[in-house]
Amino acid sequence: MPTVGAASASGAAPGTGAAAAQDVLDPRLLKTQFPIFSTPREKPLVYLDSAATSQKPQAVLDAMDRYYATCNANIHRGVYGIAEEATALYEDARRRFAAFINASPREIVFTRNSTEGLNLVARTYGAWKLKAGDAVLLTPMEHHSNLVPWQMLAAERRLELRFIPLTGSGELDMDALPRLFADGKVKLVSFVHVSNVLGTVNPVAEIARVAKAHGAVVVVDASQSAAHMPLDVKALGVDFLACTSHKMLGPTGIGVLWGRRELLEAMPPFLGGGEMIRTVTLTESTWNELPWKFEAGTMCIAEAVGLGAAVQWLQRLGMDRVFAHDRELAAYAMARLGELEGVRLLGPPAEKRGGVVAFTVDGVHPHDVATVLDRDGICVRAGHHCAMPLHDALGIPASVRASFHCYSQREDVDALVTGLERVREVFAR
Ligand SMILES: Cc1ncc(COP(=O)(O)O)c(C=O)c1O
């Protein structure tokens, strides 16, 4: 089968083309574009923590360097050449991101990360629209970022929090939806697209359809999906979607909140300050147009440029291929880990998940597992992964998580399996 992986250092074309739809990624080739993997160290890096943050290709680092080296200036205010260049780069990143998720650039708000995007929705739309007695529907598999903001708002506004129950295999129990919506109290539904623990890919469009039929607004946490599968906000039929650049091969410090234009237009602003205003007097202000109404103060300019480069790089790679690669690797990891005595896998079968595989090892605390693996240069996440209620529901305090991106290889999974055999040896003594 043809492989895809040879992008140039400028970020150009990891081998796309009309005939490329069935091509598979070659993570070995892609890895050469991520400088972290060629940085000399005692043991080769086996990076299995892309759900926490992804590695960054040279093209992203170069784009950010170029901005600082050639046209560093503040945006939207200078009338001189490099300020205009900086503004053009920043707005170009917005346009690229909009195209990436099939949205209008006006609907793309740059934030600091997913957490800020979700808080923005709770604090602006939520605080504006939700009244005492209304219910917000969530799931038990939410990252704290999509739970705590709603808890805070619920406490302030006397809202009810409801949860779509989980099935035994770690999926959402869709049969429960009619009951949850029956009394008409649910005014907003907010849930994760891909669980950062179970890996479950939730049926966003289906949930959105039911929510809309009951007049509820739909918010999606796409932190674990935006860089792993094709996303089309129109096809999903949702109202808001939040994601975070650092999990998308881009830099830290920037995220995106997409919102439907009518809602963003009608909502009050989030933070007040420079750039988000149209007019200001000593006693009152009016707001800027979208999306700048939600971008107060000097924004993350270099980071936007980096995110734009990351999105371009991913687009050229092909999001269908990235998803197929993640899923294939998840299936391989589940098969290999499943052979190990005492290893218990969490979540649904591979065909229902993205590139995340969490597990426990009988008799060994996840932190001990991760510490022993680290001796072999293997990076996995151990803990509750900011999903304490989910771990409570699973009856475990913590888990170990291996997660993948386009540069992850079967050999990385093999190294994990060998490492886990060592873990068992160490703790059998
Ligand atoms: C599902 C999910 N939601 C939200 C977040 C929060 O992302 P950030 O810390 O970049 O805001 C994460 C990060 O791990 C996540 O996995």
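Residues numbered from 1 in each chain as written. Predicted model: local features only at pLDDT ≥ 70, side-chain atom pairs only at ≥ 80, totals over all residues. Heavy atoms only, no water.

Novice: Could you clarify how one ought to interpret the overall build of the protein chain in this entry?
Specialist: Broken down by element type, the protein chain carries 14 helices and 17 strands. For 429 residues, the compact-globule estimate of 2.2 N^0.38 gives 22 Å, and the protein chain sits close to it at 22 Å. The principal-axis extents of the C-alpha atoms in the protein chain amount to approximately 70 × 55 × 40 Å. Within the span of the protein chain, comprising 429 residues, buried residues form 55% of the whole. Excluding contacts between residues fewer than 6 apart, the proportion of contacts in the protein chain whose partners are at least 24 apart in sequence is 69%. Put simply, the protein chain has 43 plus and 47 minus side-chain charges, and the middle of one group is 3 Å from the middle of the other. (Helix = DSSP H or I, 4+ residues; strand = E, 2+ residues; numbered from the N terminus. Rg over C-alpha atoms; globule rule 2.2 N^0.38 Å. Buried < 20%, exposed > 50% of the residue type's maximum accessible area, 1.4 Å probe, protein only. Contact = heavy atoms within 4.5 Å. Lys, Arg positive; Asp, Glu negative; His and termini not counted. Charge placed at Lys NZ, Arg CZ, Asp CG, Glu CD.)

Novice: Even after reading the chapter, I still don't get the nonpolar core, so can you show me in this structure?
Specialist: General note: in soluble globular proteins, nonpolar side chains tend to be found buried as a group. Counting residues in hydrophobic clusters, the biggest one holds 82 residues, and the most contacted among them are Phe97, Ile101, Ile108, Phe110, Val189 and Cys406. Ranked by residue count, the leading element in this core is helix H10 (residues 301–317), at 11 residues. Here this core gathers at least three residues from each of two domains, domain 1 (34–50 + 318–428) and domain 2 (62–315). If sequence neighbours within four positions are ignored, phenylalanine 110 has contacts with Tyr90, Ala93, Arg94, Ile254, Gly255, Val256, Glu295, Met299, Ala304 and Leu307. One finds Leu48, Val372, Leu373 and Val380 within the second-largest nonpolar core, a separate group that totals 30 residues. (Core = buried A, V, L, I, M, F, W, Y, C linked by side-chain atoms within 4.5 Å. Domains from an automatic or database assignment.)

Novice: Would you take a moment to explain unusual backbone geometry for this structure?
Specialist: Note on backbone geometry: most residues besides glycine have negative phi, and most peptide bonds are trans. For the bond running from leucine 290 to proline 291, omega is 0°, close enough to zero to count as cis. For proline 291, the position within the fold is in the loop between strand S12 (285–287) and H10. Phi at histidine 76 takes a positive value of approximately 65°, unusual for a residue other than glycine. Tracing the backbone shows histidine 76 in the loop between helix H2 (58–71) and helix H3 (81–100).

Novice: Any chance you could explain the sheet that holds strand S14 (residues 356–361) here in plain terms?
Specialist: Two orientations exist for strands paired in a sheet by backbone hydrogen bonds: parallel and antiparallel. Across the sheet, 4 strands lie side by side as S13-S14-S17-S16; this open sheet has antiparallel pairing. Each of the sheet's edge strands pairs with one partner strand only, and the pair in question is strand S13 (343–345) and strand S16 (381–383). On average, each strand axis in the sheet is inclined to that of its neighbour by 30°, with strand direction left out of account. As paired elements, S13 and S14 share 3 bridges and run antiparallel to each other. From the neighbouring strand, leucine 345 faces S14, where its bridge partner is phenylalanine 359. Across the face of the sheet, helix H12 (residues 366–374) comes into contact with S14, S16 and strand S17 (399–403) while running at roughly 155° to S16. (Pairing = 2+ DSSP bridges. Axes fitted to C-alpha atoms, helices over the stretch in contact; angles between N-to-C directions.)

Novice: Help me out: how do you make sense of the pairing of strand S9 (residues 240–244) in this one?
Specialist: On any regular strand, side chains alternate: one points to one face of the sheet, the next to the other face. Counting buried residues in S9 gives 5 out of 5 residues, a clear majority hidden from the surface. Residues of S9 alternate between two faces, with Phe240, Ala242 and Thr244 on one and Leu241 and Cys243 on the opposite face, all of them buried. The pairing of strand S8 (residues 217–221) with S9 spans 3 bridges and is classified as parallel. Within S9, the residue paired with aspartate 221 across the bridge is alanine 242.

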